[in-house]
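Residue strings, one per chain:
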Amino acid sequence: MKPWPAEGIRTEGTKIEGAGQKKVSRREKMRQARGLEPIDLVLHRARLVNVLSGEIYETDIGIQDGFFVGTGEYRQAREVRDLAGHYVVPGLIDGHVHIESSHLCPEEFCALLVAHGVTTALVDPHEVANVAGLAGIRYILDRLARLPFNGFVALPSCVPATELETSGARLTAGDLAALTDDPRVIGLGEVMDYPGVLAGKEDLVRKLELPLRLRDGHAPGIRAQDLNAYYLAGIGTEHECSTPEEARERLRRGFFLMLREGSAARNLLDLLPAVNPINSNRCLLVTDDRNPLDLWREGSIDHLIRLAVKAGVEPLQAVQMATINPARALGLEHLGAVAPGFQADCVILSDLEEFVIDDVFWRGKSRQEGLGAAFSAEAAAWSRPVLSVGAAAWAGVNPSKDGRQVTGQNLSRGETDLSDTVHLGKWSRERLQIRCPRVPRGSATETLRRGGRSCKAGETVAVRVIGVKPHSLVTDHLCLDLPVRAGLVLPDVSQDVAKLAVLERHQASGRTGLGFVQGFGLARGALASTVAHDSHNLVVAGMNDEDMELAVSTVVAAQGGLCLTAGGRVLGHLPLPLAGLMSREPADKVVSILEEMHIRARELGVREGVDPFMTLAFLSLPVIPHLKLTDRGLVDGDKLSFVSLFP
């Protein structure tokens, strides 16, 4: 029998503090559940989508002190809301998401999610942690604690993700242990270093042994036999599958399978053939990385439900994958269903198959009615919460006198914060030049004079090139002949090849990784971004060094952001001053700026179906096959080792 929550909403196996509900005896709660005592609210004539029994039927739903007391007949209520047969589903749950990928501050991000029926998310802040370490995680925890939203955190397991790139921080198991007592911290974030897991790397083993209820997986391309050991290490979920066979291998071993539909990686429809009515209870919908344009236009988990239903999944089954399944996978026993004792989070729908949202309830309070005094002053402007100046200054960690870390709340304004994180050191356009190391094909001479020379038309050199694949984080490992002029290897419009550079931005080392990328469609100009997974160095792609330099300098001047340039002019710029990842602006303004930048990117030739900045951000992620570029050089993602630009 599910234990009835006592004071607050702390339940057996659930680490979360309550919202200050008054303590009520079990006897009184039982009388409320039977309809013998007055309750706060009744949702009358609701068509309940029951994810526990697999039924849809009309009933009344009783709510008291932020929890469902039950279904049936309730005649004593302080408020009755007649739903006239509209559907009621549990509040949606995103089991794996990175706030930073939305470019929004936590307030704006959560407000946007709730508007789309998502009342709970497991947030992995490894993006901001790779920039600012514990300060970044504490910033996310602090902001989530103030919001009308069930925000849980999975502690980043891999900061840095690998030794193949330069990160802004390094977090050990001891560092993470300091945060495990926070009630919002429930898991260990995606364990990307699966070779380290298999090898029993000491600090990684210590992280896996932290007292957390779940450990999130990230093992694309792992061998089936090694997958056994990866599961036995305690890792219970996986979101990096891209084929039905990969998905089946995870399900066969007991993993909860996360069906991801982000902005760059869109795997949901590809994985659905592996899902059936028998195993769907082990499947959940997640967004992982979703840009603000897609969140604004399409939605979040609600969009994934629509996609699944359109692809032939039964609506009730799709709703289960967005509610009770993730609740069970994450160990959130008080969430995910409309039933006695569950937190009163639900979504009111006028159409189930199209998932048309009329209203959203969080702890029994209606979004449509403003959620009133249930939330702090910072979240009172519910439709458009804006990060305050004080909140922007809240960041960083400083050692206390006894050597322990103290939070940024104790820092005076002006000390270490999240707004000063882009440091290139000495840097000039010359660092973008790629010199040909050998005599190019077609050259009339056997040697190149020092400093280069004017070469004949048709001179080329073989170069390793990253190949972009639509809607996938996986890239191709290509080898192409690129033109050489004056001893420099150049981009090639005819082959859809742009130059790519990753500039170290945390230690001001001046280190720059250089390469090429095919598949963007870029015909002229350049794009730059300080959002570059996972270490978030500064990444820039372009067709000429002048526009690339302008894009870089614009982003540096703003201490982070996205920039688009062409012909020596800035065509679009979105400042991201919070760790170089997030904006302080309202969601609608961020969307408006980014929308215009996407239009300009298309005018420069970027292909339809390629998200210019999201795709750019993942070209530096070495833990995803097959070829990537970091500030330290070109990386073979299959072997996790460096390779020469020139084969």
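Conventions we followed
Here the residue numbers are simple positions, counted from 1 along each chain's written sequence. Residue-level local features of this predicted model are given only where pLDDT is at least 70; pairs of side-chain atoms are given and counted only at 80 or more, and the full residue set underlies all totals for whole chains, interfaces and linings. Excluded from the side-chain calculations are hydrogens and water; all other atoms, namely the structure's heavy atoms, are used. Exposure is judged per residue with a 1.4 Å probe applied to protein chains only, and the accessible area is read against the type maximum: over 50% gives exposed, under 20% gives buried, and values in between give partly exposed. Put simply, DSSP H or I for four residues or longer makes a helix, DSSP E for two residues or longer makes a strand, and each gets a number counted from the N terminus. One bridge is not enough; two strands pair if DSSP finds at least two bridges between them. Place the viewer so that the strands point away; then a crossover is right-handed whenever the path from the first strand over the helix to the second strand goes clockwise. The term nonpolar core refers to a set of buried residues drawn from Ala, Val, Leu, Ile, Met, Phe, Trp, Tyr and Cys, joined through side-chain atoms within 4.5 Å. Here a residue-residue contact requires only that any non-hydrogen atoms of the pair lie within 4.5 Å. Working rule for helices: expected span equals 1.5 Å times residues minus one. For this analysis, a polar contact is any N or O atom pair within 3.5 Å, provided that within protein one partner can donate a hydrogen and the other can accept it, and provided that sequence-adjacent residues contribute only side-chain to side-chain pairs. For every element, the axis is a line fit to its C-alpha atoms; helices are fit only across the contacting stretch, and the angle between N-to-C directions ranges from 0 to 180 degrees. Every angle not falling under 35 degrees, over 145, or within 65 to 115 is termed oblique; those three ranges are roughly parallel, roughly antiparallel and roughly perpendicular. The hand of a helix crossing depends on one turn: near helix anticlockwise from the far one by less than a right angle means left-handed, and clockwise means right-handed. Note on aromatic pairs: the rings of Phe, Tyr and Trp (six-membered ring only in Trp) are paired at centre separations within 6.5 Å, and the planes decide the class, stacked below 30 degrees, edge-to-face beyond 60, tilted for the rest. Placement of a positive charge over a ring is assigned whenever Lys NZ or Arg CZ falls within 6 Å of the ring centre and within 35 degrees of the normal to the ring plane.

## Looking at the pairing of strand β10 (residues 214-217)
- Neither face of β10 is exposed, since Leu214 and Asp216 on one face and Arg215 and Gly217 on the opposite face are all buried.
- Relative to β10, strand β9 (residues 185-191) runs parallel, the two sharing three bridges. Within β10, the position partnered with glycine 187 by the bridge is leucine 214.
- For β10 and strand β11 (residues 237-238), the ladder comprises two bridges, and the chain directions are parallel. Directly across from glycine 217, in β11, lies its bridge partner glutamate 238.
- Handedness of the crossover joining β10 and β11 through helix α8 (residues 224-232): right-handed.

## Details of the sheet that holds strand β6 (residues 92-97)
- The sheet built from eight strands is open, its strands ordered β6-β7-β8-β9-β10-β11-β12-β13 with parallel pairing. Edge strands, defined here as strands with exactly one partner in the open sheet, are β6 and β13 (283-286).
- Pairing of β11 with strand β12 (residues 256-260) involves two bridges; the strand directions are parallel. Bridging across to β12, glutamate 238 finds its partner in leucine 257.

## Section: the nonpolar core
- Counting 166 residues, the largest nonpolar core has Tyr230 and Val489 as its most contacted members.
- When near neighbours in sequence (up to four residues on either side) are disregarded, tyrosine 230 contacts Val191, Tyr194, Val197, Leu198, Gly217, His218, Ala219, Ile222, Ile235 and Phe255.
- Of all hydrophobic cores here, the second largest spans 12 residues; its members include Cys158, Ala161, Met192 and Val474.

## Quick word on helix α16 (residues 545-557)
- Counted at 1.5 Å a residue, the expected span for α16 with its 13 residues is 18 Å, and the 18 Å between its end C-alpha atoms agrees.
- In this structure, the buried side of α16 is in contact with β22 (497-503), β24 (526-529), β25 (538-542), β26 (561-566) and β27 (569-575).
- Structurally, the start of α16 carries an N-cap: the backbone nitrogen of glutamate 546 is 3.2 Å from a side-chain oxygen of asparagine 544.
- In the stretch just after α16, glutamine 559 is the one whose phi turns positive, near 55°.

## Concerning the sheet that holds strand β29 (residues 633-636)
- In spatial order, the strands read β28-β29-β30; together these three strands make up an open sheet with antiparallel pairing. The open sheet has two free edges, formed respectively by β28 (627-630) and β30 (641-642), since each of these has just one partner strand.
- Note: β29 against β30, two bridges, orientation antiparallel. By the bridge assignment for β30, valine 635 is matched with phenylalanine 642.

## Thoughts on the packing of α8 against helix α9 (residues 244-253)
- α9 packs onto α8 with a crossing angle of 45° between their chain directions and a minimal axis gap of 10 Å. When the axis of α8 is compared with that of α9, the two are oblique. Seen from above, α8 lies across α9 with right-handed handedness. Mapping the contact onto sequence places Ala224, Leu227, Asn228 and Tyr231 in α8 and Glu249, Arg250 and Arg253 in α9.

## Focus: the packing of aromatic side chains
- Counted by the stated rule, this structure contains two aromatic pairs.
- Aromatic ring contacts, followed pair by pair, group Tyr230, Tyr231 and Phe255 into a single cluster.
- Here the guanidinium or amino end of arginine 47 rests over the ring plane of tyrosine 87, the centre of that ring lying 4.8 Å away.
- When the ring centre of phenylalanine 256 is taken as origin, the NZ or CZ atom of arginine 282, which lies over that ring, is 3.8 Å away.

## Some remarks on the pairing of strand β20 (residues 476-485)
- With eight bridges joining them, strand β19 (residues 460-467) and β20 adopt antiparallel strand pairing. Within the sheet, the bridge partner assigned to valine 461 lies in β20 and is leucine 482.
- Alignment of β20 against strand β21 (residues 488-489), held across two bridges, turns out to be antiparallel. Within β21, the position partnered with valine 484 by the bridge is valine 489.
- The turn linking β20 back onto β21 is made up of two residues, and alanine 486 within it adopts a positive phi angle of 50°.

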